[in-house]
Amino acid sequence: MDWASIFIHDTTWLFAVEILIRVTVMFVLIITFLRFTGKRGVRQLSIFELTIILSLGSIAGDPMFTEDLPIIQAVLIMGTVISLYRFCTWAMMKFQPFEDLLEGRSLYIVENGMLVLDKIKKGEMSHDEFFAEMRQQGVEHLGQVRTGLLEADGNFSILLHTAEKTDYGMPLFPKQYQAVEETEVNTYYACMYCGYVNKIPDPDHCCPRCEDNCRNWAKALNNKIVK
């Protein structure tokens with residue numbers, strides 16, 4: 001195995017210095033570009049902004065080590081992208097339909113302690129992803145949640161019930177989110193598909209809220225939220 005060819009090949013000292021200069025220049029350009037996107041973190045970036053950030057990989061990466069690719073071309077490309085970004089940002093502030101097209105809308109996924117059915121059926125949210133987000137915010141069951149939204153940037157926003165208004169709801173932790181095999185008298189159960197809560201006569205009882213005859217029920221909880 002030719003180790004010299006693997007690690008060095010035809011690299012000269014002059015080209016090594018040139019790479020250092022190229023990387024330094026492109027690094028400064030990337031930092032400058034990112035300053036134009038504001039102070040939000042990667043998770044808070046919209047789909048539109050994340051697409052632009054990912055495009056930096058090719059725009060900035062190739063000129064760092066490609067000998068026959070002048071830096072001026074990368075500068076022109078990045079300058080054009082920044083101009084387009086500024087134009088799109090202005091257009092989104094002026095025209096709501098344009099903003100909805102590029103960034104999407106916030107989606108209601110929980111209302112009055114139950115999942116919004118049309119969002120589930122359209123596949124716009126995942127039970128597992130939503131449950132994980134709720135658990136991380138200290139929510140034990142849906143009866144504690146008044147309203148839940150999936151924001152355009154992928155974050156979840158929730159409004160909680162007060163302790164006095166906390167009702168029975170679908171459990172969100174794996175051990176409690178289990179289908180029951182037998183039901184108890186005067187006990188509330190939650191539909192594992194939509195979160196509908198009621199007393200049911202048997203485990204095969206059809207959920208009246210679901211249109212696909214859901215028959216999976218978990219024992220509902222009514223614990224108060226712990227701050």
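Above this text sits the structure in question.
A short tour of the structure in this document, coming up. Source: prediction; values computed, not measured.

## Quick notes on the pattern of salt bridges
Okay, so step 1: Going through the model one piece at a time under the given rule, you end up with one salt bridge.
Okay, so step 2: A salt bridge links K219 to E184, with the shortest nitrogen-to-oxygen separation between them at 4.0 Å. Note that K219 is positioned in strand β7 (residues 217-219) and E184 in the loop between β4 (156-160) and β5 (188-191), a separation of 35 residues in sequence.
Okay, so step 3: We classify K219 as partly exposed; its relative accessible area is 40%.

## Concerning the pairing of strand β1 (residues 107-111)
Okay, so step 1: Across four bridges, the pairing between β1 and strand β3 (residues 145-150) is antiparallel. Within β3, the position partnered with V110 by the bridge is G148.
Okay, so step 2: Of the strand pairs in this sheet, β1 and strand β2 (residues 114-115) are connected by two bridges, and their pairing is antiparallel. Its bridge partner lying in β2, V110 is registered against L115.
Okay, so step 3: In textbook terms, the turn of a hairpin is the stretch between consecutive antiparallel strands, and for β1 and β2 this stretch comprises two residues, one of which, N112, has a positive phi near 55°.

## Focus on helix α7 (residues 127-136)
Okay, so step 1: Among the residues making up α7, those that are buried are H127, F130, F131, E133 and M134. Across the axial projection of α7, the buried residues extend over an arc of 165°, all falling on one side. Relative to its buried face, α7 has exposed residues pointing more than 90 degrees away, namely D128 and Q136.
Okay, so step 2: One or two steps after α7, the chain reaches G138, where phi turns positive at roughly 80°.

## Points about helix α4 (residues 71-94)
Okay, so step 1: Across its 24 residues, α4 extends 35 Å between first and last C-alpha, which sits within 8% of the 34 Å expected from 1.5 Å per residue.
Okay, so step 2: Within the sequence span of α4, burial applies to A74, M78, V81, I82, Y85, C88, A91 and M92.

## What to know about the layout of surface pockets
Okay, so step 1: Volume-wise, the largest pocket comes out at about 170 Å³.
Okay, so step 2: Lining the largest pocket are 14 residues; nearest its centre among them are N112, G113, D167, Y168 and V197.
Okay, so step 3: Of the residues belonging to the lining of the largest pocket, the class tally is seven nonpolar, six polar and one charged.

## Concerning the environment of V197
Okay, so step 1: Position of V197 relative to the elements: it lies in strand β6 (residues 197-199).
Okay, so step 2: On a C-alpha basis, the gap between V197 and L142 in space is 10.0 Å, while along the polypeptide they are 55 residues apart.
Okay, so step 3: Dropping the residues within four chain positions of it, V197 is found in contact with Y168, G169, M170, Y188, Y189, A190 and A220.

## Remarks on the sheet that holds β7
Okay, so step 1: Ordered by their spatial adjacency, three strands build an open sheet running β6-β5-β7, and the pairing between neighbours is antiparallel. The open sheet has two free edges, formed respectively by β6 and β7, since each of these has just one partner strand. Going across the sheet, the axis of each strand differs from the next one's by a mean of 40°, ignoring polarity.
Okay, so step 2: Sheet analysis places β5 next to β6, joined by three bridges and oriented antiparallel. Its bridge partner lying in β6, Y188 is registered against K199.

Cut-offs used in this document
- Along every chain, residues carry numbers that run from 1 in the direction the sequence is written.
- Given that this is a predicted model, residues contribute local features only at a pLDDT of at least 70 and side-chain atom pairs are listed and counted only at 80 or more, while totals for whole chains, interfaces and linings are drawn from all residues.
- Only hydrogens and water are set aside when side-chain values are computed; all heavy atoms of the structure are taken into account.
- Salt bridges are defined as contacts in which a side-chain nitrogen from Lys or Arg sits within 4 Å of a carboxyl oxygen from Asp or Glu.
- Helix and strand labels come from DSSP, where a helix needs a run of H or I of at least four residues and a strand needs a run of E of at least two; each type is numbered from the N terminus.
- Here the term buried applies to any residue with accessible area under 20% of the maximum for its type, exposed to any over 50%, and partly exposed to those in between, with areas from a 1.4 Å probe on protein chains only.
- Strands qualify as paired when DSSP identifies two bridges or more between them.
- Our arc is simply the arc of the directions from the helix axis toward the C-beta atoms.
- How far a helix is expected to stretch is found by multiplying one less than its residue total by 1.5 Å.
- Buried and open spaces are told apart on a 1 Å grid over the protein atoms alone, a cavity being a set of points where a 1.4 Å probe fits but cannot get out and a pocket being an open set with protein on both sides within 12 Å along at least five of seven lines. Residues with an atom within 4 Å of a point are the lining residues.
- Grid points are joined across faces, edges and corners, and a volume is the space filled by probe spheres set on the points.
- The classification used treats Ala, Val, Leu, Ile, Met, Phe, Trp, Tyr, Cys and Pro as nonpolar, Asp, Glu, Lys and Arg as charged, and all other residues, Gly among them, as polar.
- Here a residue-residue contact requires only that any non-hydrogen atoms of the pair lie within 4.5 Å.
- Lines fitted to C-alpha atoms define the axes here, with helix axes fitted over just the stretch in contact, and angles between the N-to-C directions of these axes take values from 0 to 180 degrees.

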